[in-house]
Amino acid sequence: MFHKLHIQLTLFCTFVTGCIFLVLTFLCLLFAENNLKAEDNAAFLRQLNAALIHLQDQDLISHQWLNQIQKNSQFLLYLYDNGKPLYYQQYHDSVQEKLLREEAVRQAAEEQNLDIFSEQPDRVILHTEFDFQSSDGRKYYASAGVIPKQSSHLGYLILSPLQGQQDRIRRLRLVILLTDLTAIALLLVFSWFFTKRMILPLERSRERQIHFIASASHELRAPLAVLRSGLETLKKTSDPGEQDHFIGLMTEESSRMQNLIRDMLFLANADSSHFSIKKEICQPDELLLDSYEKFEPLAAGKKICLSLELPAGITRFPDLLCDRERIIQVFSILLDNALSYTPENGKIRLSLQVKPDFLVFVFTDSGCGVPDDEKQRIFDRFYRSDSAHAGRNHFGLGLCIASEIVKAHHGSIWVEDAPEGGSCFFVKLVHSNGTSDNESVTF
């Protein structure tokens, strides 16, 4: 599913961005072509004016000037003295040029209403400029007109080939096309990696969700099976002792299932950012002392030495702005895990480190420890280390819940190897000076 979504998002991003890029490059190309044509037309008009001034001022037109202007200006210049072509022109014209000249003269007469062979009675210069395309498809800037002389009139036709302009436009279009294709290819590659990074969290979230549902189903299957089996047995037996036994089992399993559902609802609220914490000023040593007093009888019953160490020389610890019940819950999860995974005659030590800006609560045990490749995974949901599996009442949700609570307090939690073997869990929380008595925050 995500592979198909990846392809669709890649194509969609490439298509949308490519269309925008193509529209922009088309507008730029159109602007560049118009500028190129405008510059060529302006250059043609400047050279045309210079040629017309010379034709108007000079009574004799030299062959040298004709050769020079056609070479420098790249003009095709045709002159008619009283309607007859000059000898120079007759000598140099080819058959193709004669046909070209005749087409241009005919277009000037038919479309521009200017006959270069007619004598103007009012003795004024008449001329017109137009775009001309020959029968073989070649394009020109054209100018045709009549210049009156003292005893005659001089008709002219000037053609400026646009082949160079068209070649430059073709090269420009080719460059733009290659640029567009390259850009679209790069966009495709970029979109492929970009959309992959976009959907990667979704893919991981779905994998976690599938794993969560599968693990929850697995954990619920056992108590539901016990409950069903107990109910069927109660229907069949009339022995009070046997009935009490199965009622006890059903009560235990229903309590276990209730705890599991409670933890799952907590994590669901954490995912939707709907669980709230109520912050208040607390003393960090009191939090540890309360947790110690709560679990000391349990540790003694399992013949485990539970100790509490606080930094010496500190009369008052920095105030901690936190949700007291939630932090006690975190400490309880860590101590419960430590008691479950620490063997008989083992040791568990609670300690506190005071730093300039934060506090670190340390929970050290002499249990089996956590392998290096599992130190991050133990905070995942329903994850339990096989080497540390100690009972059916541990669903693999405790450390995940603790991590969510600490994260809601903008702190951090991690595990390291204890110096003398076992595990060492750290809870880092930023302390406060206690400027607010009570604060309610929803996450």
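Scroll up for the structure.
Below: a short report on this structure. Every value quoted in this text rests on a predicted model; they were computed, and no experiment measured them. (Residues numbered from 1 in each chain as written. Predicted model: local features only at pLDDT ≥ 70, side-chain atom pairs only at ≥ 80, totals over all residues. Heavy atoms only, no water.)

## A word on the overall build of the protein chain
The test is simple: Secondary structure elements follow DSSP: runs of H or I no shorter than four residues count as helices, runs of E no shorter than two count as strands, and numbering proceeds from the N terminus. Accessibility here uses a 1.4 Å probe with only protein chains present; expressed as a share of the type maximum, an area under 20% marks a residue as buried, one over 50% as exposed, and anything in between as partly exposed. Note on contacts: a residue pair qualifies if any of its non-hydrogen atoms lie within 4.5 Å across the two residues. To be clear on the numbers: accessible area is Shrake-Rupley with a 1.4 Å probe, and residue cover counts the displayed protein chains and nothing else.
In terms of helices and strands, the protein chain carries nine helices and 13 strands. Within the protein chain, the proportion of its 443 residues that are buried is 39%. The contacts of the protein chain with a sequence gap of at least 6 include a subset with a gap of at least 24, amounting to 68%. Of the accessible surface of the protein chain, which amounts to about 26,100 Å², a share of 55% is contributed by carbon and sulfur atoms.

## A few points about the pairing of strand β1 (residues 76–81)
Keep this limit in mind: Strand pairing follows a simple DSSP-based rule, namely that at least 2 bridges must link the two strands.
Extensive coverage of β1 is indicated by the burial of five of its six residues. Summarising the sheet, β1 and strand β5 (residues 153–161) pair through six bridges and their orientation is antiparallel. Its bridge partner lying in β5, Tyr78 is registered against Leu157. Alignment of β1 against strand β2 (residues 84–85), held across two bridges, turns out to be antiparallel. Counterpart to Tyr80 in the pairing with β2 is Pro85. Between the antiparallel neighbours β1 and β2 lie two residues, among them Asn82 with a positive phi of about 55°.

## Some details on the packing of aromatic side chains
For clarity, the cut-off: Two aromatic rings, drawn from Phe, Tyr or Trp (for Trp, its six-membered ring), form a pair once their centres lie within 6.5 Å of each other, and the interplanar angle then sorts them: stacked below 30 degrees, edge-to-face above 60, tilted otherwise. Over a ring means this: the NZ of a Lys or the CZ of an Arg is within 6 Å of the ring centre and within 35 degrees of the ring normal.
Using the criterion set out here, one finds nine aromatic pairs in the structure. With a centroid separation of 5.0 Å and an interplanar angle of 90°, the aromatic rings of Tyr80 and Phe117 are classed as edge-to-face. Of this pair, Tyr80 sits in strand β1 while Phe117 sits in the loop between α4 (95–111) and β3 (126–133), placing them 37 residues apart in sequence. In this structure Tyr80 comes out as buried when scored by relative accessible area, which is 4%. Cluster of aromatic residues (ring-pair linked, three or more members): Phe44, Phe75 and Tyr141. The ring centre of Phe358 lies 4.3 Å from the NZ or CZ of Lys428, which sits over that ring.

## Some points on the environment of Tyr140
Quick reminder of the rule: What qualifies as a polar contact is a pair of N or O atoms within 3.5 Å, subject to a donor-acceptor requirement within protein and to the restriction that residues adjacent in sequence count only when both atoms come from side chains.
Looking at the element boundaries, Tyr140 is found in strand β4 (residues 139–148). By relative accessible area, Tyr140 is classed as buried at 3%. When the C-alpha atoms of Tyr140 and Phe75 are compared, they prove to be 9.9 Å apart, with 65 residues separating the residues in sequence. Look past the residues within four positions of Tyr140 in its chain and what remains in contact with it is Leu76, Leu100, Phe130, Asp131, Phe132, Ser134, Leu159, Ser160, Pro161 and Leu162. At a separation of 3.5 Å, a polar atom in the side chain of Tyr140 contacts the side chain of Arg138.

## A short note on the packing of helix α8 (residues 324–341) against helix α9 (residues 398–408)
Stated precisely, the cut-off is as follows: Helix axes are fitted to C-alpha atoms over the stretch in contact, other axes to C-alpha atoms as well, and angles between N-to-C directions run from 0 to 180 degrees. For classification purposes, an angle smaller than 35 degrees is called roughly parallel, one larger than 145 roughly antiparallel, one from 65 to 115 roughly perpendicular, and anything else oblique. By convention the crossing between two helices is left-handed if the near helix lies anticlockwise of the far one by an angle smaller than a right angle, and right-handed if it lies clockwise.
Two numbers describe how α8 lies on α9: the axes approach to 9 Å, and their chain directions differ by 150°. As summarised for this structure, α8 and α9 are arranged roughly antiparallel, according to the angle between their axes. Relative to α9, α8 is oriented so that their crossing is left-handed. Note on element contacts: α9 touches α8 through Gly398, Leu399, Ile401, Ala402, Ile405 and Val406, opposite Arg326, Gln329, Val330, Ile333, Leu334 and Asn337.

## With respect to α8
As a reminder of what qualifies: A helix is expected to span 1.5 Å multiplied by its residue count minus one.
A rise of 1.5 Å per residue sets the reference length of α8, with its 18 residues, at 26 Å; its end C-alpha atoms lie 26 Å apart and thus fit the reference within 8%. For α8, every residue scored as buried is listed here: Arg326, Ile327, Ile328, Val330, Phe331, Ser332, Ile333, Leu334, Leu335, Asn337, Ala338 and Leu339. For α8, the capping residue at the N-terminal end is Asp323, with a side-chain oxygen 3.2 Å from the backbone nitrogen of Glu325.

## Concerning unusual backbone geometry
For Lys303, which is not glycine, the phi torsion reads 60° and is therefore positive. By the element assignment, Lys303 lies in the loop between α7 (284–301) and β7 (305–309). Classification of Lys303 as exposed rests on a relative accessible area of 52%. Residue Asn345 is not a glycine yet carries a positive backbone phi of 70°. Mapped onto the secondary structure, Asn345 falls in the loop between α8 and β9 (347–354). In this structure Asn345 comes out as exposed when scored by relative accessible area, which is 61%.

Limitation: the analysis is restricted to geometry and does not speak to function.
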